[in-house]
Amino acid sequence: MPKPSGYEPPGYKPARRGSKARAMTCPALVAGALAVLNLAGCAEPARTGQPAFYRDLGSASARVDANEARAVISAYRMNAGLRPLALDPALSAAAEQEAAAMAQADKPAQADAVKARLARGGQPGAEANLSAGYRRLAEAFSGWRDSPQHDRVMKTPGATRMGIASAYAPGSKYQVYWALIVAP
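Residues numbered from 1 in each chain as written. Predicted model: local features only at pLDDT ≥ 70, side-chain atom pairs only at ≥ 80, totals over all residues. Heavy atoms only, no water.

> If you had to explain the confidence of the model for the chain to someone new, which residues and values would you point to?
Put simply, the chain has an average pLDDT of 80, and 68% of its residues get 70 or more. Taken element by element, the predicted model of the chain shows its lowest mean pLDDT in helix 1 (residues 26–39) (48) and its highest in strand 1 (residues 86–87) (98). The low-confidence segment residues 33–37, where pLDDT is below 50, has two contacts with residues more than four positions distant or belonging to other chains. Here residues 39–47 is modelled with pLDDT under 50, and outside its nearest four sequence neighbours on either side it reaches three contacts, counting other chains as well. (pLDDT = per-residue confidence, 0-100. Helix = DSSP H or I, 4+ residues; strand = E, 2+ residues; numbered from the N terminus. Contact = heavy atoms within 4.5 Å.)

Shown next as C-alpha coordinates:
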(Lines give C-alpha, C1' and ligand atoms only; values in the text may rest on other atoms or scores of the structure.)
Protein backbone atom coordinates (compact mmCIF):
# COMPACT_ATOMS: atom_id res chain seq x y z
CA MET A 1 0.00 0.00 0.00
CA PRO A 2 1.52 3.35 -0.98
CA LYS A 3 2.16 5.92 1.69
CA PRO A 4 -0.05 9.01 1.43
CA SER A 5 1.55 12.18 0.14
CA GLY A 6 3.20 14.09 2.96
CA TYR A 7 3.52 10.96 5.12
CA GLU A 8 6.11 11.23 7.85
CA PRO A 9 7.06 8.32 10.15
CA PRO A 10 6.45 8.78 13.89
CA GLY A 11 9.21 10.78 15.54
CA TYR A 12 10.36 12.33 12.26
CA LYS A 13 11.57 15.89 12.56
CA PRO A 14 12.61 17.63 9.38
CA ALA A 15 15.84 19.61 9.42
CA ARG A 16 15.34 23.36 9.83
CA ARG A 17 15.91 25.42 6.76
CA GLY A 18 19.39 26.83 6.68
CA SER A 19 20.58 24.30 9.25
CA LYS A 20 23.61 22.20 8.32
CA ALA A 21 22.36 19.26 10.43
CA ARG A 22 20.62 16.46 8.57
CA ALA A 23 18.18 13.90 9.87
CA MET A 24 19.94 10.56 10.38
CA THR A 25 18.30 7.59 8.75
CA CYS A 26 18.06 4.24 10.50
CA PRO A 27 20.50 2.46 8.13
CA ALA A 28 23.03 5.27 8.64
CA LEU A 29 22.64 4.99 12.41
CA VAL A 30 23.16 1.22 12.31
CA ALA A 31 26.19 1.59 10.05
CA GLY A 32 27.67 4.18 12.39
CA ALA A 33 27.11 1.96 15.43
CA LEU A 34 28.74 -1.00 13.69
CA ALA A 35 31.72 1.14 12.73
CA VAL A 36 32.16 2.22 16.36
CA LEU A 37 31.94 -1.40 17.54
CA ASN A 38 34.48 -2.45 14.94
CA LEU A 39 36.87 0.25 16.04
CA ALA A 40 36.37 -0.81 19.65
CA GLY A 41 37.66 -4.30 18.89
CA CYS A 42 34.31 -6.06 18.93
CA ALA A 43 34.74 -7.49 15.45
CA GLU A 44 36.18 -10.92 14.70
CA PRO A 45 39.90 -10.71 13.96
CA ALA A 46 40.91 -11.04 10.34
CA ARG A 47 41.73 -14.61 9.39
CA THR A 48 45.14 -15.37 8.04
CA GLY A 49 46.29 -18.48 6.25
CA GLN A 50 44.23 -21.35 5.02
CA PRO A 51 41.31 -22.74 7.04
CA ALA A 52 42.22 -25.91 8.95
CA PHE A 53 39.65 -27.90 6.98
CA TYR A 54 41.69 -27.33 3.79
CA ARG A 55 45.24 -27.28 5.21
CA ASP A 56 47.65 -29.65 3.47
CA LEU A 57 48.94 -32.21 5.98
CA GLY A 58 51.66 -33.55 3.69
CA SER A 59 54.61 -32.56 5.88
CA ALA A 60 56.27 -33.90 9.01
CA SER A 61 55.20 -30.90 11.13
CA ALA A 62 51.56 -30.86 9.97
CA ARG A 63 48.86 -32.08 12.34
CA VAL A 64 45.13 -32.36 11.86
CA ASP A 65 43.21 -29.73 13.81
CA ALA A 66 41.23 -32.02 16.14
CA ASN A 67 38.86 -29.23 17.21
CA GLU A 68 38.00 -28.43 13.60
CA ALA A 69 37.51 -32.14 12.84
CA ARG A 70 35.27 -32.51 15.89
CA ALA A 71 33.19 -29.51 14.81
CA VAL A 72 32.75 -30.82 11.25
CA ILE A 73 31.93 -34.40 12.27
CA SER A 74 29.60 -33.23 15.05
CA ALA A 75 27.71 -30.93 12.67
CA TYR A 76 27.38 -33.84 10.24
CA ARG A 77 26.04 -36.05 13.02
CA MET A 78 23.59 -33.40 14.23
CA ASN A 79 22.24 -33.01 10.67
CA ALA A 80 21.49 -36.75 10.88
CA GLY A 81 19.71 -36.32 14.25
CA LEU A 82 22.64 -37.62 16.33
CA ARG A 83 24.48 -36.15 19.28
CA PRO A 84 27.67 -34.13 18.80
CA LEU A 85 30.98 -35.62 19.87
CA ALA A 86 33.49 -34.43 22.47
CA LEU A 87 37.23 -34.81 22.04
CA ASP A 88 38.55 -37.46 24.39
CA PRO A 89 42.25 -37.47 25.38
CA ALA A 90 42.45 -41.27 25.57
CA LEU A 91 40.84 -41.74 22.15
CA SER A 92 43.05 -38.98 20.71
CA ALA A 93 46.15 -40.77 22.03
CA ALA A 94 44.92 -44.07 20.57
CA ALA A 95 44.26 -42.38 17.21
CA GLU A 96 47.76 -40.87 17.22
CA GLN A 97 49.27 -44.26 17.99
CA GLU A 98 47.32 -45.94 15.17
CA ALA A 99 48.10 -43.23 12.60
CA ALA A 100 51.81 -43.35 13.51
CA ALA A 101 51.85 -47.18 13.33
CA MET A 102 50.25 -47.13 9.87
CA ALA A 103 52.75 -44.51 8.66
CA GLN A 104 55.62 -46.60 10.06
CA ALA A 105 54.31 -49.78 8.39
CA ASP A 106 53.41 -47.83 5.22
CA LYS A 107 49.98 -49.45 5.00
CA PRO A 108 46.53 -48.91 6.49
CA ALA A 109 45.60 -51.11 9.44
CA GLN A 110 42.45 -53.20 9.75
CA ALA A 111 39.66 -51.55 11.76
CA ASP A 112 38.69 -54.84 13.45
CA ALA A 113 42.20 -55.29 14.87
CA VAL A 114 42.18 -51.69 16.16
CA LYS A 115 38.74 -52.13 17.73
CA ALA A 116 39.92 -55.32 19.48
CA ARG A 117 42.98 -53.48 20.87
CA LEU A 118 40.77 -50.63 22.06
CA ALA A 119 38.36 -53.05 23.78
CA ARG A 120 41.28 -54.75 25.58
CA GLY A 121 42.50 -51.30 26.61
CA GLY A 122 39.20 -50.34 28.24
CA GLN A 123 37.35 -48.79 25.29
CA PRO A 124 34.58 -51.31 24.48
CA GLY A 125 32.21 -50.35 21.70
CA ALA A 126 34.74 -48.13 19.93
CA GLU A 127 34.60 -47.83 16.14
CA ALA A 128 37.44 -46.74 13.86
CA ASN A 129 37.97 -45.16 10.47
CA LEU A 130 41.48 -45.88 9.21
CA SER A 131 42.57 -44.52 5.87
CA ALA A 132 45.48 -43.21 3.86
CA GLY A 133 46.14 -40.86 0.99
CA TYR A 134 43.95 -37.92 1.94
CA ARG A 135 46.13 -34.83 2.35
CA ARG A 136 43.44 -32.59 3.85
CA LEU A 137 40.75 -32.95 6.48
CA ALA A 138 38.21 -31.95 3.82
CA GLU A 139 39.30 -34.88 1.64
CA ALA A 140 39.28 -37.38 4.50
CA PHE A 141 35.84 -36.25 5.68
CA SER A 142 34.40 -36.40 2.14
CA GLY A 143 35.94 -39.82 1.53
CA TRP A 144 34.52 -41.16 4.78
CA ARG A 145 31.10 -39.63 4.13
CA ASP A 146 30.98 -41.19 0.65
CA SER A 147 31.99 -44.68 1.86
CA PRO A 148 29.09 -46.55 3.49
CA GLN A 149 31.29 -48.36 6.05
CA HIS A 150 33.20 -45.20 7.01
CA ASP A 151 30.01 -43.14 7.09
CA ARG A 152 28.49 -45.69 9.47
CA VAL A 153 31.41 -45.10 11.87
CA MET A 154 30.96 -41.31 11.81
CA LYS A 155 27.24 -41.85 12.48
CA THR A 156 27.61 -44.45 15.25
CA PRO A 157 24.39 -43.78 17.23
CA GLY A 158 25.72 -44.21 20.78
CA ALA A 159 29.00 -42.37 20.23
CA THR A 160 29.70 -39.39 22.47
CA ARG A 161 33.51 -39.13 22.25
CA MET A 162 36.14 -39.10 19.54
CA GLY A 163 39.83 -38.90 18.82
CA ILE A 164 41.44 -38.15 15.48
CA ALA A 165 45.00 -38.02 14.21
CA SER A 166 47.04 -37.96 11.04
CA ALA A 167 50.63 -39.05 10.46
CA TYR A 168 52.97 -38.25 7.60
CA ALA A 169 55.18 -40.80 5.85
CA PRO A 170 57.31 -38.94 3.27
CA GLY A 171 58.46 -41.99 1.27
CA SER A 172 55.01 -43.57 1.13
CA LYS A 173 52.75 -43.55 -1.89
CA TYR A 174 49.96 -42.55 0.54
CA GLN A 175 52.00 -39.99 2.51
CA VAL A 176 49.23 -39.12 5.02
CA TYR A 177 47.59 -41.72 7.25
CA TRP A 178 44.39 -41.10 9.23
CA ALA A 179 42.78 -42.61 12.32
CA LEU A 180 39.35 -41.55 13.61
CA ILE A 181 38.06 -43.35 16.68
CA VAL A 182 34.56 -42.84 18.12
CA ALA A 183 33.18 -44.45 21.27
CA PRO A 184 30.23 -44.29 23.66
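> For the packing of aromatic side chains, give the residues involved together with the corresponding values.
As enumerated under the stated definition, the model contains three aromatic pairs in all. Here the aromatic rings of Tyr-76 and Phe-141 are separated by 5.3 Å at their centres, their planes lie at 90°, and the arrangement is edge-to-face. A residue pair is termed long-range when its members are at least 10 positions apart, and Tyr-76 in helix 2 (residues 66–79) and Phe-141 in helix 5 (residues 137–146) qualify at 65 residues. For the pair Tyr-76 and Phe-141, a shared accessibility class is recorded, and that class is buried. For the ring pair Trp-144 and Trp-178, a centre distance of 6.1 Å and an interplane angle of 90° mean the geometry is edge-to-face. One end of the pair, Trp-144, is in helix 5; the other, Trp-178, is in strand 4 (residues 176–183), with 34 residues separating them in the sequence. (Phe/Tyr/Trp six-rings, centres within 6.5 Å; stacked < 30°, edge-to-face > 60°. Buried < 20%, exposed > 50% of the residue type's maximum accessible area, 1.4 Å probe, protein only.)

> So what about unusual backbone geometry? Which residues, and what values?
In this structure, Asp-106 takes a positive phi of about 60° despite not being glycine. Within the secondary structure layout, Asp-106 lies in the loop between helix 3 (89–105) and helix 4 (111–120). Looking at Asp-106, the relative accessible area reads 36%, which means it is partly exposed. Of note in the backbone geometry, Gln-175 takes a positive phi value of approximately 65° without being a glycine. Tracing the backbone through its elements, the reader meets Gln-175 in the loop between strand 3 (161–168) and strand 4.

> Give me the lowdown on the pairing of strand 4, citing residues and values where you can.
The buried fraction of strand 4 is high, at eight of eight residues. Residue alternation in strand 4 divides its side chains into two sets, Val-176, Trp-178, Leu-180 and Val-182 and Tyr-177, Ala-179, Ile-181 and Ala-183, and both sets are buried. As paired elements, strand 2 (residues 127–132) and strand 4 share six bridges and run antiparallel to each other. The residue of strand 4 that forms the bridge with Leu-130 is Ala-179. (Pairing = 2+ DSSP bridges.)

> Explain the side chain of Gln-123 residue by residue, including any values.
Its location among the elements puts Gln-123 in the loop between helix 4 and strand 2. With a relative accessible area of 14%, Gln-123 lands in the buried category. Leaving out residues up to four positions away in the same chain, Gln-123 has contacts with Ala-90, Leu-91, Leu-118, Arg-161 and Ala-183.

> I'd like to hear about the sheet that holds strand 1, residue by residue, with values.
Across the sheet, four strands lie side by side as 1-3-4-2; this open sheet has mixed pairing. Looking at strand neighbours, the two that pair on one side only are strand 1 and strand 2, the edges of this open sheet. As defined by bridge partners, strand 3 adjoins strand 4 across eight bridges and the pair is classed as antiparallel. Its bridge partner being in strand 4, Ile-164 is matched across the sheet by Leu-180. Along the sheet, helix 3 contacts strand 1, strand 2, strand 3 and strand 4; its crossing angle with strand 3, the most-contacted strand, is approximately 25°. Against the sheet, helix 4 contacts strand 2 and strand 4, and its axis sits at roughly 135° relative to strand 2. (Axes fitted to C-alpha atoms, helices over the stretch in contact; angles between N-to-C directions.)

> Quick rundown of helix 2? Include the residues and the values.
In a regular helix each residue adds 1.5 Å, so 14 residues correspond to 20 Å; helix 2 covers 20 Å between its end C-alpha atoms and thus fits that length. Taken residue by residue, helix 2 has Ala-69, Val-72, Ile-73, Ser-74, Tyr-76 and Arg-77 as its buried positions. Buried positions along helix 2 lie against helix 5, helix 6 (148–154), strand 3 and strand 4. Taking the backbone nitrogen of Asn-67 as reference, a side-chain oxygen 3.1 Å away marks Asp-65 as the first, capping residue of helix 2. Downstream of helix 2 by one or two residues, Gly-81 has phi in the positive range, about 80°. (Expected span 1.5 Å × (residues − 1). Polar contact = N/O pair within 3.5 Å; in protein donor to acceptor, adjacent residues only side chain to side chain.)

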